[in-house]
Amino acid sequence: MRPARALIDLDALVHNYRHARRLGGGRALAVVKADAYGHGAAACARALDGEADGFGVACIEEALELREAGIRAPILLLEGFFEAAELALIERHDLWTVVASPWQVEALERHRAAKPLQAWVKLDSGMHRLGLAPAEFNDAWRRLRALEGIGDMVAMTHFARADEIANERTDEQLDAFDRALGGLPPDTPTSAANSAGLLAWPRARRGWVRPGLMLYGTHMLDGPCVEADALRPVMRLESRVIAVRELAAGEPIGYGGGFVTGRPTRVGVVAMGYADGFAQYAPAGTPVLVGGRRSRLIGRVSMDMLTVDLTDHPDADVGTPVELWGPDLPVAEVAAHCGSSPYRLLSGLKRVAREYLGG
Ligand SMILES: Cc1ncc(COP(=O)(O)O)c(C=O)c1O
């Protein structure tokens, strides 16, 4: 059997969710879009079922997967609906929807609802991706509030740069959010913080928080944060050495021959490649753990294999375990070496078998 696999520690996931919820001080929507950032949405949602106040997904297909997995908790479509025809499904499966564009307000006005639908109305407070402009927001809110088919409503926004802990943009976004809230009843439920907002911006902890990345035990904050230190990595991506060879100095390794040994080198071949979702662009020097000890990638990552330097690992041999990231090698550190992000590395995984622990 191919030894590449992702071990998912569901106890760590629950720990991180509880940490997020406690920190937020209110309710917490567990963001499990993109197959729970590569961890398996159904298994992660089941582990959090009965615990999480709700789940956040990117689209109706992801929501239905959770419903089919038996998840009865609220599920919010973070990007709303993509066409009015989805409203029937939203109603049938008791989903919550974000409303972020004027056309969605109009579609809801035309929709004949059999039961009230929960709407999270999103303000573009400065990220300029999804969301109603400040000039549109209060009017949209009033129009939706007037509809019989709309039940509870939450005012929400999303941050662009909350991981930059000294960047004033997050405060400016919160100021814009507060200005918009000024036109709504004071007891209006609100939601602002993603993981970085929750961890690093106490002012953003209000109402509902929406942690995603931190649930999986990592973050992208650009400075120290004690609240982030309490997170436990959820995934260990691992494989094994499947072949070992000794090369003289001056020998190229792998496709393209771009990496040339600078010294006599013991090379380990590991069953992990870009068809597993591992970064094809990971450069030589990217850290890996071989038998629990640090080593580094050498040579280009290929589809099913990669090569590591075992020169200083005389005990490593065929069968030695390799950790690509996990509790002993932070995925954020690996991502930094690759010029990538933990979001991209985790959610990009494919083919590797997942095994679940705890939960
Ligand atoms: C609207 C919204 N809320 C929350 C999240 C979770 O963000 P993070 O993974 O940074 O916690 C996302 C993710 O992109 C999102 O789009």
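Just above sits the structure.
These notes cover the structure that comes with them. (Residues numbered from 1 in each chain as written. Predicted model: local features only at pLDDT ≥ 70, side-chain atom pairs only at ≥ 80, totals over all residues. Heavy atoms only, no water.)

### Re the pattern of salt bridges
Part 1 of the argument: Considering all chains together, one arrives at 26 salt bridges under this definition.
Part 2 of the argument: Where Glu109 meets Arg143, a salt bridge forms, and the shortest distance between an N and an O atom there is 2.8 Å. Taken together, the residues Glu109 in helix H6 (residues 102–110) and Arg143 in helix H7 (residues 134–145) connect sequence positions 34 residues apart.
Part 3 of the argument: In this structure Glu109 comes out as partly exposed when scored by relative accessible area, which is 28%.
Part 4 of the argument: Linking Glu164 and Arg161 is a salt bridge whose minimum nitrogen-to-oxygen distance equals 2.8 Å.
Part 5 of the argument: Among the residues examined, Glu164 registers a relative accessible area of 25% and is labelled partly exposed.
Part 6 of the argument: Through salt bridges with shared partners, a single network forms among Asp171, Asp175, Asp178, Arg203 and Arg206. (Salt bridge = Lys/Arg side-chain N within 4 Å of Asp/Glu carboxyl O. Helix = DSSP H or I, 4+ residues; strand = E, 2+ residues; numbered from the N terminus. Buried < 20%, exposed > 50% of the residue type's maximum accessible area, 1.4 Å probe, protein only.)

### A closer look at H7
Part 1 of the argument: Relative to the 16 Å expected for 12 residues at 1.5 Å per residue, H7 spans 17 Å between its end C-alpha atoms, a close match to the ideal helical length.
Part 2 of the argument: Within H7, burial applies to Phe137, Asn138, Ala140, Trp141 and Leu144. What you see down the axis of H7 is that its buried residues fit within an arc of 165 degrees, all on one side. The exposed residues of H7 that point more than 90 degrees off its buried face are Ala135 and Arg142.
Part 3 of the argument: At its buried positions, H7 is contacted by strand S5 (96–99), H6, strand S6 (117–123), strand S7 (150–157) and helix H8 (169–181). (Expected span 1.5 Å × (residues − 1). Arc of directions from axis to C-beta. Contact = heavy atoms within 4.5 Å.)

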